[in-house]
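Geometric and topological summary
Residue-level listing of the chains:
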Amino acid sequence: MKKTSMRARVLGGAVAVAALGAGTFGAVAASAETPGAAGAPAVARAEVGGKDVVSSSHLSVDAATKAALAAMDAAGKGGYKVSVAVVDRNGNTIVALRGDGAGPQSPESAERKAFTAVSWNAPTSELAKRLTQTPNLKDIPGTLFLGGGAPVQAKDAPVAAIGVAGAPSGDLDEQFAQAGVAALGE
């Protein structure tokens, strides 16, 4: 009996797995394409509107970029290397900038500060003070209760937030975030 080399066994096994996978995929694809198959539920469709639909306002990418660049510029004028993030009303990142020389932790910190500010519609420095009364706030995933996050409002409702991280203090980070907010009104 001839002994099969390791390479031949591995190659043969890979071919067998690929053939099995292709057969399985073909069977799944064929069954997925069969409309009205016995026992298959019909697709429900409905037109919704009025009170069932909620809309919200968000910053445009251009506005978010303008705010992020203004915050980055304010930090740069002070000689600080920071990261800046702008999130929408739902906490999704619109723009994120990591400044040259900014620390490796700063991009995530900036995003978390922005998320925290938009979630409570308040600067993160104010929210950090609330931790004395409610320390478990810090346990909410994705939040960071350090100065450096500033909400952006339209008609007294949050539409975005700017987070800055990397300066030696949260007060400075927040000052730069506020510069980004101020640039939106110009």
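Residues numbered from 1 in each chain as written. Predicted model: local features only at pLDDT ≥ 70, side-chain atom pairs only at ≥ 80, totals over all residues. Heavy atoms only, no water.

Mapping Phe 145 onto the fold places it in the loop between α4 (124-130) and β3 (149-154). Judged by relative accessible area, which is 7%, Phe 145 ranks as buried. Considering only alpha carbons, one finds Phe 145 and Ser 125, 20 residues apart in sequence, at a separation of 7.2 Å. Beyond its immediate chain neighbours, meaning those up to four positions away, Phe 145 contacts Thr 116, Trp 120, Leu 127, Ala 128, Leu 131, Leu 137 and Lys 138. (Helix = DSSP H or I, 4+ residues; strand = E, 2+ residues; numbered from the N terminus. Buried < 20%, exposed > 50% of the residue type's maximum accessible area, 1.4 Å probe, protein only. Contact = heavy atoms within 4.5 Å.)

Another point: the packing of aromatic side chains. Inspection of the entire model under this criterion finds two aromatic pairs. With a centroid separation of 5.8 Å and an interplanar angle of 40°, the aromatic rings of Tyr 80 and Phe 176 are classed as tilted. Separated by 96 residues along the polypeptide, Tyr 80 in the loop between α2 (61-77) and β1 (83-88) and Phe 176 in helix α5 (residues 170-184) bring together distant segments of the chain. According to the relative accessible area criterion, Tyr 80 is partly exposed, its value standing at 29%. Here Trp 120 and Phe 145 contribute two aromatic rings whose centre-to-centre distance is 5.5 Å and whose plane-to-plane angle is 55°, an arrangement assigned as tilted. Of this pair, Trp 120 sits in helix α3 (residues 106-120) while Phe 145 sits in the loop between α4 and β3, placing them 25 residues apart in sequence. (Phe/Tyr/Trp six-rings, centres within 6.5 Å; stacked < 30°, edge-to-face > 60°.)

The next thing to look at is the pattern of salt bridges. Per the counting criterion, the structure on display carries four salt bridges. As a salt-bridge pair, Arg 112 and Glu 108 come within 3.9 Å of each other at their nearest N and O atoms. Of the two residues, Arg 112 and Glu 108 are both situated in helix α3; the distance of four residues between them amounts to about one turn of the helix. Among the residues examined, Arg 112 registers a relative accessible area of 29% and is labelled partly exposed. Here Asp 173 ties to Lys 113 by a salt bridge, and the two come within 2.9 Å at their closest N and O atoms. Highlighted residues: Asp 173 in helix α5 and Lys 113 in helix α3, separated in sequence by 60 residues. Of the residues examined, Asp 173 reaches a relative accessible area of 3% and is grouped as buried. (Salt bridge = Lys/Arg side-chain N within 4 Å of Asp/Glu carboxyl O.)

Moving on to the environment of Ala 161. Turning to its location among the elements, Ala 161 is positioned in strand β4 (residues 157-165). Excluding residues within four positions of it along the chain, Ala 161 makes contact with Ala 85, Val 86, Val 87, Ala 114, Ala 117, Val 118, Ala 150, Pro 151 and Val 152.

Interhelical geometry of α2 versus α5 gives an angle of 140° and a closest axis separation of 7 Å. Compared by their axis directions, α2 and α5 come out oblique. As α2 runs across α5, the sense of the crossing is right-handed. Contact residues: Ala 63, Lys 66, Ala 67, Ala 70, Ala 71, Ala 74 and Ala 75 in α2; Phe 176, Ala 179, Gly 180, Ala 183 and Leu 184 in α5. Among the residues making up the contact of α2 with α5, the classes are represented as 10 nonpolar, one polar and one charged. (Axes fitted to C-alpha atoms, helices over the stretch in contact; angles between N-to-C directions. Parallel < 35°, antiparallel > 145°, perpendicular 65-115°, else oblique. Left-handed = near helix turned anticlockwise from the far one by under 90°. Nonpolar A, V, L, I, M, F, W, Y, C, P; charged D, E, K, R; others polar.)

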